[in-house]
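Listed below, chain by chain, are the residues.
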Amino acid sequence: MSPFPIHRPRRLRQNPFIRSLIRETKVGVEDLVFPLFIREGEKEAKAIPSMPGIYQHSLNHLAKEAKEIFHLGIPAVILFGIPRQKDLLGKSGYEEGNIICEAIDRMKQATPELGVITDVCLCEYTSHGHCGVVAKNGAGKKIVENDSSLELLSKMAGAYVRAGADMVAPSDMMDGRVQKIRDELDAAGFKETPILSYAVKYASSFYGPFREAAGSAPEFGDRSSYQMDPANLHEALREAALDLEEGADILMVKPAFGYLDVIRMLKENFNAPLAAYQVSGEYSMMKAAAQKGWIDEKKAVLECLTCIKRAGADFILTYFAKEAAKYLE
Ligand code: PBG
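In this text, all values refer to a predicted model and were calculated from it rather than measured experimentally.

### Comments concerning the pairing of strand β8 (residues 167–170)
- Because side chains alternate across β8, one face comprises the buried residues Met167 and Ala169, and the other comprises Val168 and Pro170, equally buried.
- As paired elements, strand β5 (residues 115–120) and β8 share four bridges and run parallel to each other. Residue pairing across strands places Val120 opposite Pro170, the latter belonging to β8.

### A word on the packing of aromatic side chains
- With the rule as written, the count across this model stands at nine aromatic pairs.
- Taken together, a centroid distance of 6.2 Å and an interplanar angle of 5 degrees make the contact between Phe37 and Tyr319 stacked. Within this pair, whereas Phe37 is found in strand β1 (residues 32–39), its partner Tyr319 is found in the loop between β12 (315–318) and α12 (321–327), the two being separated by 282 residues in sequence. The burial state of Phe37 is the same as that of Tyr319; both residues are buried.
- With centroids separated by 4.4 Å and ring planes inclined at 25 degrees, the aromatic side chains of Tyr202 and Tyr259 adopt a geometry described as stacked. With Tyr202 in the loop between β9 (196–201) and α7 (208–214) and Tyr259 in the loop between β10 (250–254) and α9 (260–269), the pair connects residues that are 57 residues apart, well separated along the chain.
- Under the relative-accessibility criterion, Tyr259 is labelled buried at 10%.
- Ring-pair connections join several aromatic residues into one group, and the members of that group are Phe37, Phe80, Tyr198, Phe210, Tyr277, Tyr283, Tyr319 and Phe320.
- In this arrangement the basic side chain of Lys201 is found over the ring face of Tyr207, its NZ or CZ atom lying 5.6 Å from the centre.
- Residue placement shows Lys254 over the ring face of Tyr207; its charged tip is 4.4 Å from the ring centre.

### Thoughts on the site of the ligand
- Taken together, 20 residues lie around the ligand, and Lys201, Arg211, Lys254, Ser280 and Tyr319 are the ones closest in.
- Between the ligand and Ser171, the relevant distance is 3.3 Å, taken from a nitrogen atom to a side-chain nitrogen or oxygen of the residue.
- Tyr319 is positioned with one of its side-chain polar atoms (N or O) 2.6 Å from an oxygen atom of the ligand.
- Of all the secondary structure elements, the ones that give two or more residues to the shell around the ligand are β9 and α7.
- Looking at the shell around the ligand residue by residue, the class counts come to eleven nonpolar, three polar and six charged.

### Structural notes on the environment of Glu192
- Its location among the elements puts Glu192 in the loop between α6 (177–187) and β9.
- For Glu192 and Phe34, which are 158 residues apart along the polypeptide, the C-alpha to C-alpha distance reads 23 Å.

### Structural notes on the side chain of Asp172
- Take Asp172: it is sitting in the loop between β8 and α6.
- Here Asp172 falls in the buried class, since its relative accessible area comes to 0%.
- Of note is the side chain of Asp172, whose polar atom sits 2.7 Å from the backbone nitrogen of Met174.
- At 3.3 Å, the side chain of Asp172 forms a polar contact with the side chain of Arg177.

### Description of unusual backbone geometry
- Residue Pro255 follows Lys254 across a cis peptide bond; omega there is -10 degrees.
- Considering the arrangement of structural elements, one finds Pro255 in the loop between β10 and α9.
- Within the chain, Met173 stands out as a residue other than glycine whose phi angle is a positive 70 degrees.
- Checked against the element boundaries, Met173 lands in the loop between β8 and α6.
- By relative accessible area, Met173 is classed as buried at 5%.

Definitions and limits used
- Within every chain, residues take consecutive numbers counted from 1 along the sequence as written.
- At least 70 in pLDDT is required for a residue's local features to be given in this predicted model, at least 80 for side-chain atom pairs to be given and counted, and no such filter applies to totals for whole chains, interfaces and linings, which use all residues.
- Based on all heavy atoms of the structure, the side-chain values leave hydrogens and waters out of the count.
- Burial classification: accessible surface area is computed with a 1.4 Å probe over protein chains only, and a residue below 20% of its type maximum counts as buried, one above 50% as exposed, and the rest as partly exposed.
- Think of it this way: any DSSP run of H or I at least four residues long counts as a helix, any run of E at least two long counts as a strand, and we number them from the N terminus.
- Here a strand pair is declared whenever DSSP counts at least two bridges between the two strands.
- We call Phe, Tyr and Trp rings a pair once their centres come within 6.5 Å, taking the six-membered ring for Trp, and we label the pair stacked below 30 degrees between planes, edge-to-face above 60, and tilted otherwise.
- Only Lys NZ and Arg CZ are tested; either one counts as a charge over a ring when it is within 6 Å of the ring centre and within 35 degrees of the ring normal.
- Residues are classed as near a molecule or strand on a simple rule: at least one heavy atom within 4 Å of it.
- Counted as a polar contact is a pair of N or O atoms within 3.5 Å, where, for protein atoms, one must be capable of donating a hydrogen and the other of accepting one, and residues adjacent in sequence contribute only when both atoms are in side chains.
- Amino acids outside the nonpolar list (Ala, Val, Leu, Ile, Met, Phe, Trp, Tyr, Cys, Pro) and the charged list (Asp, Glu, Lys, Arg) are all regarded as polar, and Gly is one of them.

Take a look at the structure:
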């Protein structure tokens, strides 16, 4: 509590320049990362019905898209691949020269200064849609196996950095994957390539539109055997501590809006850079309401981004990045 109570706080709200001078949180285009879906084998970009304004891009016009993003002032993208072939082990995600490697190459040729982050996870590439290897346990029950998944995930990260990725972002939620990926990158001569860890990723229903966009809905069960229970706050401390110990350079919380308390707690407990992912469901809900005229899209988007930063995020992955860049001009 301030020892000097201000009796009329409204005085400071009467004038836009004063409001601006005392504003505690500012969002800029430099705080935003734009997620991109890249589809193998298609010539045209394909609209994603559940995410108005977001597309599955083809390699063909990726150069144009990269230039547009860069000219808006957005510093980086995060890439998700949609392969033609999926199999049990998600090979199309980790073989050298795959769709993401090709995309990195095209983007780096078009706009070398645009940062390229790659999501590292098997779910877009496996036929069963799970984020790791599916095997049977001792009782014959299908499970997502932790340790055999690490091998494939680290291979994937290696392929992406060799193709020119600036940072890798494991989102699979297997235990020990940051360490395994760090070892792989170091051994491959990429000691200076950072890891942005989806350290605190909840088993959320707000990934629904993404799974339509990436065709990655799990064929059986759900992801609650590896993603976190939305009811848990303190577990986030354990996840974050482990990932930092294993060599994560930046932590991420996902989703963002229902988890602002988690963002704040990590910011206060760890001296590490922190990202937040405003996920597909958060985007689609706001889009839908705006399309119906129920909320003002521009105001709602800027408000949400400000709240996420106020909670403690240093930067935000958001499907609104391009629109926000225009609003913030
Ligand atoms: C891959 C991954 C997902 C998202 C980011 N990386 C899907 C999931 O875990 O089901 C979700 C992003 C979004 O909803 O925008 N594991």
